[in-house]
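Topology and contacts: notes
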Amino acid sequence: MASRAGPRAAGTDGSDFAHREKVASHYQMSVALKSEIRKLNIVHVLLWLLVAAQVTVSQLDLVSRDTVAAPYQWEYPYLLSIVPSVFSFLALPRNNISYLVIGMISAGLFCIAPLIYGGMEMFPVAQQLYRHGKAYRFIFGFSAVSVMYLLMVIAVQVHAWQIYYSKKLLDAWFTSTQEKKKK
């Protein structure tokens, strides 16, 4: 047995490592991608909580409309964007391909589509703010359209990376299943 302080094991010069087993690359990739997807899901849940809090506070009239503006129309369908994260969290522990595919498809429907619609819905207000410097809706003293566009930029990036990493994870899982079928 070799140790840091002592001599090497008898009969070896340290060059006999080539025969040792290595973890297959698709398993290493699977672990790394699962970690990234979990991080992105957590960021998405935080973004979703912000939107849900704004909608809830506004709908229940917990604070005045001057403090928290009424939600835009795109925010209501965006509340369904929690569905892809749930399916993604369910898919990861057991490498469930069907849940991951459902999560990817629903990410496009419930995450990306409302954000695209929201960008179009808020564009005239953003244009008015840019041209005339006038805002009529506020969230804690900030222009509501600016705050929501900032949230949208972050959300689009998070969802795009989620879909990208999910696709890469599916590829790694399919590589694994193809190798098992060959044996």
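Scroll up for the structure.
To keep things clear, this report deals only with the structure shown in the data block.

Basis of the calculations
- Residues numbered from 1 in each chain as written.
- Predicted model: local features only at pLDDT ≥ 70, side-chain atom pairs only at ≥ 80, totals over all residues.
- Heavy atoms only, no water.
- Helix = DSSP H or I, 4+ residues; strand = E, 2+ residues; numbered from the N terminus.
- Buried < 20%, exposed > 50% of the residue type's maximum accessible area, 1.4 Å probe, protein only.
- Areas by Shrake-Rupley, 256 points an atom, 1.4 Å probe, with all protein chains shown as cover.
- Axes fitted to C-alpha atoms, helices over the stretch in contact; angles between N-to-C directions.
- Parallel < 35°, antiparallel > 145°, perpendicular 65-115°, else oblique.
- Left-handed = near helix turned anticlockwise from the far one by under 90°.
- Contact = heavy atoms within 4.5 Å.
- 1 Å grid on protein atoms, 1.4 Å probe; cavity = no way out; pocket = protein on both sides within 12 Å on 5 of 7 lines; lining within 4 Å.
- Points joined across faces, edges and corners; volume = space filled by probe spheres on them.
- Nonpolar A, V, L, I, M, F, W, Y, C, P; charged D, E, K, R; others polar.
- Salt bridge = Lys/Arg side-chain N within 4 Å of Asp/Glu carboxyl O.
- Expected span 1.5 Å × (residues − 1).

Once that is clear, we can look at the overall build of the chain. The number of helices and strands found in the chain is 5 helices and 2 strands. Listed N to C, the secondary structure of the chain is α-α-α-α-β-β-α in terms of helices and strands. In the chain, which comprises 183 residues, the share counted as buried stands at 32%. When the accessible surface of the chain is totalled, it reaches about 11800 Å², and 65% of it is carbon and sulfur.

Turning next to the packing of helix α1 (residues 25-59) against helix α3 (residues 82-94). It is at 10 Å that the axes of α1 and α3 come closest, and there the two elements cross at 155 degrees. Judged by the angle between their axes, α1 and α3 are roughly antiparallel. As for how α1 packs across α3, the hand of that crossing is left-handed. Counted together, Lys-34, Ile-37, Arg-38, Asn-41, Ile-42, His-44, Val-45 and Trp-48 of α1 and Ile-82, Ser-85, Ser-88, Phe-89, Leu-92 and Pro-93 of α3 form the full contact between these two elements.

Moving on to the layout of surface pockets. There is about 250 Å³ of room inside the largest pocket. Every element with two or more residues in the lining of the largest pocket is listed here: α1 and α5 (144-182). The element best represented in the lining of the largest pocket is α1, accounting for 6 residues. Within the lining of the largest pocket, the residues separate by chemical class into 13 nonpolar, 1 polar and no charged.

Between side chains of opposite charge, a pair can form when the charged atoms approach closely. For the structure on display, the rule yields 3 salt bridges. Linking Asp-61 and Arg-65 is a salt bridge whose minimum nitrogen-to-oxygen distance equals 3.6 Å. Judged by relative accessible area, which is 52%, Asp-61 ranks as exposed. Of the residues examined, Arg-65 reaches a relative accessible area of 45% and is grouped as partly exposed.

Time to look at empty space enclosed by the protein. Enumeration over the complete set of coordinates arrives at 1 cavity of 30 Å³ or more. Estimates place the volume of the largest cavity at around 90 Å³. Taken together, Ile-37, Asn-41, Pro-84, Ser-85, Ser-88, Leu-100, Gly-103, Met-104, Ala-107, Gln-162, Ile-163 and Ser-166 make up the full set of residues lining the largest cavity. Only α1, α3, α4 (97-132) and α5 provide two or more residues apiece to the lining of the largest cavity. Broken down by element, the residue count for the lining of the largest cavity peaks at 4 residues, all from α4. Of the residues in the lining of the largest cavity, the class split is 6 nonpolar, 6 polar and no charged.

This next bit is on the packing of α3 against α4. Relative orientation of the contacting elements α3 and α4 amounts to 165 degrees, with a least axis distance of 8 Å. The angle between the axes of α3 and α4 places the two elements in the roughly antiparallel class. Handedness of the crossing formed by α3 with α4: left-handed. On α4, the residues touching Val-83, Pro-84, Phe-87, Ser-88, Leu-90 and Ala-91 of α3 are Tyr-99, Leu-100, Ile-102, Gly-103, Ser-106, Ala-107, Phe-110 and Cys-111. For the contact of α3 with α4, the residue count by class is 11 nonpolar, 3 polar and no charged.

On to α1. With 35 residues, α1 extends 50 Å from end C-alpha to end C-alpha; this agrees with the ideal 51 Å at 1.5 Å per step. Just downstream of α1, Asp-61 is the residue with a positive phi angle, here 50 degrees.

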